[in-house]
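Chains, contacts and geometry: an overview
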Amino acid sequence: MEKFLYIEGAYLILSGVILLVTLFVVTRPFMTERARKKGLPAVALFLALAIALHYAVTTDRMARVKKSFEEGKPVICENRVIRKGAQSIIIRRSLGWRLEGDYFVSDAYERPFFAARCIEYEK
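We now turn to the structure provided with this report.

Definitions and cut-offs
Residues numbered from 1 in each chain as written. Predicted model: local features only at pLDDT ≥ 70, side-chain atom pairs only at ≥ 80, totals over all residues. Heavy atoms only, no water. Helix = DSSP H or I, 4+ residues; strand = E, 2+ residues; numbered from the N terminus. Rg over C-alpha atoms; globule rule 2.2 N^0.38 Å. Disulfide = S-S within 2.5 Å. Buried < 20%, exposed > 50% of the residue type's maximum accessible area, 1.4 Å probe, protein only. Pairing = 2+ DSSP bridges. Expected span 1.5 Å × (residues − 1). Contact = heavy atoms within 4.5 Å.

The helix and strand inventory of the protein chain stands at two helices and six strands. When the helices and strands of the protein chain are read in sequence order from the N terminus, they spell out α-α-β-β-β-β-β-β. Taken over the C-alpha trace, the protein chain has a radius of gyration of 20 Å; the compact-globule value for 123 residues is 14 Å, which it surpasses by more than 25%. Considering only C-alpha atoms, the protein chain reaches an extent of 65 × 30 × 30 Å along its principal axes.

And the structure:
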């Protein structure tokens, strides 16, 4: 559950705002009764499905990235600290990287890299 909240937290907050806006709109006097009964559930269902699909895709990619790393293959991770020049970094076990939970850690870097922000490197 902690991983879900960490990965989808921003989307959950954004979905809450969207639901509040939808609730405000469907309760206006110019909206029909049908819009009130179907609008909010339809938007809530769409948002729930979108978040669930995003979580499934992200955790699947994380599993593939971890597996590739464990097999000694290189992994490309987004470097959010350095925005100019190289915006990504290639991580490999042979370069001194290790996997701690969902994070790639190296003694040469101050911060870890979250596996959700990484992809498999394929030549």
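Past the structure itself, the notes keep going.
In this section: the state of the cysteines. Scanning the model with the defined rule gives one disulfide in all. Disulfide pairing is shown between C77 and C118; the S-S distance is 1.9 Å. The S-S bond linking C77 to C118 shows a torsion near 100°; that makes this disulfide right-handed. On the criterion of sequence distance, the pair formed by C77 in strand β1 (residues 75–78) and C118 in strand β6 (residues 118–120) is long-range, its members being 41 residues apart. Of the two residues examined, C77 and C118, each falls in the buried class.

The next thing to look at is the pairing of β1. Looking at chain direction, β1 and strand β2 (residues 88–91) are connected through four bridges and run antiparallel. By the bridge assignment for β2, C77 is matched with I89. Sheet analysis places β1 next to β6, joined by three bridges and oriented antiparallel. Residue pairing in the sheet places V75 in a bridge with E120 of β6.

Looking now at helix α1 (residues 2–26). If you check α1, its first and last C-alpha atoms are 33 Å apart, about what 25 residues at 1.5 Å a residue would give, namely 36 Å. Of the residues making up α1, those classed as buried are I7, E8, G9, S15, T22 and V26. Where the residues of α1 are buried, they touch α2 (33–70) and β5 (113–114).

Worth remembering: the numbers are spatial, not functional.
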